[in-house]
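# Survey of secondary and tertiary structure
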Amino acid sequence: MNIRPIRFIAAAALFAPLLAFGQKNSCVECHSQLEDELKAPVAAVAADVHSEYGLSCAGCHGGNPSQDDVDLAKDKSFRGAPKRSQIPVFCGGCHADAAAMRTFNPALRTDQLSQYATSRHGQLLKSGDTKAAVCTDCHGVHGIQSARFPKSMTFPWNIPQTCGRCHSDKRYMEGYTIPTDQLDDYKASAHAAALFEKKDLSAPVCNDCHGNHGAYPPSVSSVASVCRQCHPSTGELFTKSPHKKAFDELGAGECEACHGNHKILTPSTAMIGTDDKAVCVQCHEKGSRGFEAAAELRREIDGFDGGFQAAAGLLSQAKQKGVEVSDAEFKLQDVNTILVTAKNMTHGLDTAELAKTVAEGEELLAGVRAAGEKALDEARFRRRGLAVTTALLALLAIALALKIRRMGRKGALPSR
Amino acid sequence: MANKIGQSVWAFLDERFMLSKLIAFGGKKTVPEHRHSFWYFFGGICLFLTGIQVATGAMLLLYYTPHIDAAHESVQFIMGGVKFGWLIRSVHSWTANLLIGLIFVHMFSTFFLKAYRKPRELTWVTGFLLLVVFMAFGFSGYLLPWNELSYFATRVGTDIAGSLPFIGKGLKTLILGGPDVSQATLSRFFWFHVALLPLAALALIGIHVLLVQTLGMSKPIGERGKKEIPFFPDFLYKDALGWTLILVVIGVLCVFLPWEVGPKADPMAPTPLGIKPEWYFTFMFTTLKILPAHILSFEGEKLAILGFMAGGLLWMLIPFLDRRTQREERSPLVTWIGLALAAYITVMTVLTYALPKL
């Protein structure tokens, strides 16, 4: 077997990086001597994700970086900096070309440009509005980083701020008919709490509901589908409920009508029922069937929740007193699961089904309560036992002290 | 008739165990009585607590399972499912901590009274070895409940042992039974805790007590008082008073602060913040934390560990190094060294808890 070609390939593979390292880049050489915005790309591009794949200035801007002369370097292939309106097509030159992308990252999607064309941003740009967001607004220009990198503008916990750079800027958004409080609202939401406080990267951010490259505000009919991506059981219950038909007829956005959109707070039982804080009274008048059903749902949940809290309090007291209650705590977790299920079931408005689930939970809860009371009895028993034992030991100590005192009076022996 | 049988049994036992001689020895045995006599009681209290450890440890063996899938659950069952199991385990754990604390008190009181001087050198040496054995008891017993804290503290502790020059890697593997804390480690620690260390402790306590009984209690240098009290029953009554009081303390601690089980160890979880060993190791742990990474051209951690080992060895050999006390002369330099050591241990231990982010 002739191994010479193999040797040649191996040698080439070994020395290729050295050759690349030694390659001339006149773009960097010149721009590093310039000032401000003409110099800035030199430093930024070093950390750019494209550099990781061996792409340098010429990869996007064209030209011949091996030439020292500016005119020769900016040859026919030189494209320079694209106009803002041309940026999507400029980036799409590679990113929409599946064959080109395969050589760098075969797993990366190549539909961003076509999606962008369907987005509100894309539509505005097409209509000549150059204020509309283009690729570089969300990804950066020369310091573009992978969305998996925590400092990237498109990493989950940076996305709200990335979108907010334009959408919460009142002056920039002047002339558009959308509000500018989305970022503040989002930051106050349960989703933001999950993302920023619990560091839960699966918590939804702007693009999870609106899409990313094809970003568009969801219509009334699609809001529910958006929420169902993460809350399928709630959606299923709602679909089966009488509310579905009523909401469709009213043209109300299903989830959004009660929970809001960007400022979705952690739901509480206070949302259900007939008092002022309840969302049910927004539509159901006193005396109506819906009003009565709302009161019934609240009663069921409140009763069960109250029992749960009381049992949790009992276990907490027993634990504070040093009694081992981990078995009961484990059962209480099961009860909590049922409580969460019951709260979710309110979306189905089926009071009979809800009562059945609550009854199942109450049965478990009775066991937890009994365990908690038994644990508190045990704590009391321990304290009584300690009191009795201490009293007996104290008596023994007094007796010993008296005996020692009497012996002391007799006097010690002289040393032998 | 009964009296006759009793006499025969006594005669039978006396002939074989020399009971009359032992009783005669006990009857004659006396203990010096002076202004520092109080410190004599700590030895007796340590022995009493050791007895409690043996008894409660034996009872815990009835329900404890030394397997990583069952150890934590078995301890939970002891604490919640076994009648008085919470009491037995809490007494075992609290007594272990009190015992090590009181061994330190006993050791330093013996040191400052210079009770180690001739002919009691070996009493001191066996006492020091007993402290080491009981600290090893603490280290091995800490892992047995297989909870989060003990798991990671064992990891940290064995990592320190592993950083020793030359023998570190081998020693760590020997202790752990592999590269990391695992079932092999739990089995080894259990074996150390219930087989090897009890045998070592039994032998050392036997020698220590025998020496105390045969050589008697030491009087401080320059103590001119000639008062003495009989060991049986006078000194024993005083000892019993100390035991009674310590029992009350243990009872209060167990009822109001029963020893926690903690969450089960999860080897895949990240090491929790602020992990630290049991309090009696913290003076060494904090020293390692505050030392610079390099001292001259040596690694700070390795240097410190070698320092602890050398210091421990010198401390054990102090009866042979302190020449002045051998001549019944005061040795202020040795006293100052002891004071500095006691202050160092106290300050470092307090710092561990007062400044956890140190």
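### Some words on the overall build of chain A
Along the backbone of chain A there are 22 helices and 1 strand. In terms of overall dimensions, chain A is more spread out than a globule: its C-alpha atoms have a radius of gyration of 35 Å, far above the 22 Å expected for 416 residues. The principal-axis extents of the C-alpha atoms in chain A amount to approximately 115 × 95 × 60 Å. Among the 416 residues that make up chain A, the fraction classed as buried is 22%. Considering only contacts within chain A whose residues lie at least 6 apart along the sequence, 54% involve residues at least 24 apart.

### Brief notes about the overall build of chain B
Helix and strand counts for chain B stand at 15 helices and 4 strands. The principal-axis extents of the C-alpha atoms in chain B amount to approximately 70 × 55 × 35 Å. Counting over 358 residues, chain B shows a buried share of 35%. If you take every contact in chain B between residues at least 6 apart in sequence, the share linking residues at least 24 apart comes to 76%.

### Observations regarding the confidence of the model for chain A
With 92% of its residues at a pLDDT of 70 or more, chain A has an overall mean of 89. Across residues 11-21 of chain A, where pLDDT falls below 50, the model places 0 contacts with residues more than four positions away in sequence or in other chains.

### Topic: the interface of chain B and chain A
Reports often express the size of an interface as the amount of accessible area lost when the parts come together. In this complex, chain B contributes 27 residues to the contact, which on the side of chain A involves 22 residues. Looking at the side of chain B that touches chain A, the elements that each hand over two or more residues are α4 (71-80), β2 (227-230) and α10 (231-256) of chain B. A total of 13 residues in the side of chain B that touches chain A trace back to one element, the largest contributor, which is α10(B). Of the residues that constitute the side of chain B that touches chain A, the class distribution is 16 nonpolar, 5 polar and 6 charged.

### A look at helix α5 (residues 85-112) of chain B
Relative to the 40 Å expected for 28 residues at 1.5 Å per residue, α5(B) spans 40 Å between its end C-alpha atoms, a close match to the ideal helical length. The positive-phi residue at the C-terminal boundary of α5(B) is B:K114, with phi of around 55°.

### Some words on the packing of helix α6 (residues 121-143) of chain B against helix α7 (residues 148-162) of chain B
All names here are of chain B. Two numbers describe how α6 lies on α7: the axes approach to 8 Å, and their chain directions differ by 135°. Taken together, the axes of α6 and α7 are oblique relative to one another. Contacts between α6 and α7 involve F139, Y142 and L143 from the first element and S150, Y151, A153, T154 and G157 from the second. In terms of residue class, the contact of α6 with α7 is built from 5 nonpolar, 3 polar and no charged.

### Comments concerning helix α3 (residues 41-60) of chain B
The terminal C-alpha atoms of α3(B), which comprises 20 residues, lie 28 Å apart, in line with the 28 Å expected from a rise of 1.5 Å per residue. Of the surrounding secondary structure, the elements contacted by the buried residues of α3(B) are α4, α5, α9 (183-215) and α10 of chain B.

### Quick notes on the confidence of the model for chain B
Looking at chain B, the pLDDT average stands at 94 and 100% of residues meet or exceed 70. Across the interface, the model reports ipTM at 0.87; the global pTM reads 0.75.

### Concerning the domain arrangement of chain A
Residues and elements named next belong to chain A. Per the domain assignment, the segments of chain A are domain 1 (218-261) and domain 2 (289-385). Averaged C-alpha coordinates put domain 1 and domain 2 at centres separated by 30 Å. Taken together, the elements giving at least two residues each to the side of domain 1 that touches domain 2 come down to α17 (232-240) and α18 (242-250). Taken together, the residues of the side of domain 1 that touches domain 2 break down into 3 nonpolar, 4 polar and 1 charged.

### Quick word on the nonpolar core
All names here are of chain B. Ranked by internal contacts, the top residues of the largest apolar core, which has 61 residues, are L99, I103, L130, F134, L143, L144 and W146. Of all the secondary structure elements, the ones that give two or more residues to this core are α3, α4, α5, α6, α7, α8 (168-176), α9 and α10. F134 has contacts with L99, I100 and I103, leaving out every residue within four places of it along the chain.

### A look at the environment of A:T180
Residue and element names in this part refer to chain A. As for its placement among the helices and strands, T180 is situated in the loop between α12 (159-167) and α13 (182-187). In this structure T180 comes out as partly exposed when scored by C-beta crowding, with 17 C-beta atoms within 10 Å. Sequence spacing of T180 and H284 is 104 residues, and the spatial spacing of their C-alpha atoms is 32 Å. Setting aside residues no more than four positions away along its own chain, T180 makes contact with H167, S168, D169, K170 and M173.

### A look at the packing of α7(B) against α8(B)
Residue and element names in this part refer to chain B. Two elements in contact, α7 and α8, have axes whose closest approach is 7 Å; the angle formed by their N-to-C orientations is 145°. Along the contact surface, α7 presents T158, A161 and G162, while α8 presents G168, K169, L171, K172, I175 and L176. Split by residue class, the contact of α7 with α8 holds 4 nonpolar, 3 polar and 2 charged.

### Quick word on unusual backbone geometry
With an omega dihedral of 10°, the bond running from B:K118 to B:P119 counts as a cis peptide bond. Along the chain, B:P119 falls in the loop between α5 and α6. In this structure, the amide linkage connecting B:F232 to the following residue, B:P233, adopts the cis form with an omega of 0°. Of note, B:P233 is situated in helix α10. Its identity as a non-glycine residue notwithstanding, A:L349 has a phi of 60°, on the positive side. Within the secondary structure, A:L349 is located in the loop between α21 (326-345) and α22 (351-410). Overall, the presence of 20 C-beta atoms within 10 Å leaves A:L349 in the buried class. Even without glycine at this site, B:W146 takes up a positive phi of about 50°. You can see B:W146 is positioned in the loop between α6 and α7. On the basis of neighbour count, B:W146 is assigned to the buried category, with 28 C-beta atoms found within 10 Å.

Calculation notes
Residues numbered from 1 in each chain as written. Chains lettered and ligands numbered in written order. Predicted model: local features only at pLDDT ≥ 70, side-chain atom pairs only at ≥ 80, totals over all residues. Helix = DSSP H or I, 4+ residues; strand = E, 2+ residues; numbered from the N terminus. Rg over C-alpha atoms; globule rule 2.2 N^0.38 Å. Buried ≥ 20, exposed ≤ 12 C-beta atoms within 10 Å, placed from the backbone. Contact = placed C-beta atoms within 7 Å. pLDDT = per-residue confidence, 0-100. Nonpolar A, V, L, I, M, F, W, Y, C, P; charged D, E, K, R; others polar. Expected span 1.5 Å × (residues − 1). Axes fitted to C-alpha atoms, helices over the stretch in contact; angles between N-to-C directions. Parallel < 35°, antiparallel > 145°, perpendicular 65-115°, else oblique. Domains from an automatic or database assignment. Core = buried A, V, L, I, M, F, W, Y, C linked by C-beta atoms within 7 Å.

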